[in-house]
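Structure at a glance
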Amino acid sequence: MPTHAQVPAEGRVVLDAGDISRAVTRISHEILERNKGAEDLLLLGLHTRGVPLAHRIAASIATVEGTQVPVGSLDVTMYRDDLRSHPTRAPHRTELPAAGLDGKTVVLVDDVLYSGRTIRAALDALSDLGRPAAVRLAVLVDRGHRELPIRADHVGKNLPTARSERVSLRLAETDGEDEVRIVGGTTVGSQEGTA
């Protein structure tokens, strides 16, 4: 009988640690190119996995530009439109740099873009915190199936999926390893995943 460590993980790996690292580097360069440098940039990671991704992007930008871009975190729990159906969400802290976000180019950083509802909630939260000069969106994975007219400005990987599939993203800071898996779906030998 196999031990727990020998049981294969569910789904198939579509991005490994190296792929994720290259995607973060590419996103960082795109942000710098679009902004024409790092001046007046502010990265805001969305809880949970958007926060470590924002820190990784900031570290990559620091390597290229030699300057530290401020990083904060944004909790959108109380702005979500599904709060009534999922009331047990635990809120996190919103943390902004001391200079705030007024007049800054704010780049929202999230792990997976799906329906667009989390980003809508983030935009609502931002409007309560100040008035940025511009707001852009960077995501590691865009899996499609948008329900709102929202698109990412910077995407690590476009990953077409079926609605019956689930994207499982793991990061070393939160989960002990870096990988993206597609789980579920209706392929032969697999059961339909739950979203």
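Refer to the preceding data block for the structure.
Remarks on helix α1 (residues 17-35)
The terminal C-alpha atoms of α1 lie 27 Å apart, and with 19 residues this matches the ideal 27 Å at 1.5 Å per residue to within 8%. Listed as buried for α1 are I20, A23, V24, I27, S28, I31, L32 and N35. Among the residues trailing α1, K36 stands out with phi positive, at a value near 60°.

Quick look at the packing of α1 against helix α2 (residues 50-65)
Running from N to C, α1 and α2 cross one another at 65°; their axes reach a closest spacing of 9 Å. Judged by the twist between their axes, the crossing of α1 over α2 is right-handed. Across the interface between the two elements, I20, V24, T25, I27, S28, H29, I31 and L32 from α1 touch L53, R56, I57, S60, I61, V64 and E65 from α2. Classifying every residue of the contact of α1 with α2 gives nine nonpolar, four polar and two charged.

What about the pairing of strand β5 (residues 134-142)?
Most of β5 is tucked away, with seven of its nine residues classed as buried. Note: strand β4 (residues 105-113) against β5, eight bridges, orientation parallel. If you follow V112 over to β5, its bridge partner there is V141. For the crossover from β4 across helix α3 (residues 117-129) to β5, the handedness is right-handed.

Observations regarding empty space enclosed by the protein
Considering all chains together, one arrives at one cavity of 30 Å³ or more under this definition. When its volume is computed, the largest cavity comes out at roughly 40 Å³. Every residue along the wall of the largest cavity is listed here: V24, I27, L53, I57, V109, D110, A138, V139 and L140. Put simply, the parts of the chain that give the lining of the largest cavity at least two residues each are α1, α2, β4 and β5. Considering each element in turn, the lining of the largest cavity owes the most residues, three residues, to β5. Among the residues forming the lining of the largest cavity, the class breakdown is eight nonpolar, no polar and one charged.

What counts, and where the lines are drawn
Residues numbered from 1 in each chain as written. Predicted model: local features only at pLDDT ≥ 70, side-chain atom pairs only at ≥ 80, totals over all residues. Heavy atoms only, no water. Helix = DSSP H or I, 4+ residues; strand = E, 2+ residues; numbered from the N terminus. Expected span 1.5 Å × (residues − 1). Buried < 20%, exposed > 50% of the residue type's maximum accessible area, 1.4 Å probe, protein only. Axes fitted to C-alpha atoms, helices over the stretch in contact; angles between N-to-C directions. Left-handed = near helix turned anticlockwise from the far one by under 90°. Contact = heavy atoms within 4.5 Å. Nonpolar A, V, L, I, M, F, W, Y, C, P; charged D, E, K, R; others polar. Pairing = 2+ DSSP bridges. Right-handed = clockwise from strand over helix to strand, strands pointing away. 1 Å grid on protein atoms, 1.4 Å probe; cavity = no way out; pocket = protein on both sides within 12 Å on 5 of 7 lines; lining within 4 Å. Points joined across faces, edges and corners; volume = space filled by probe spheres on them.

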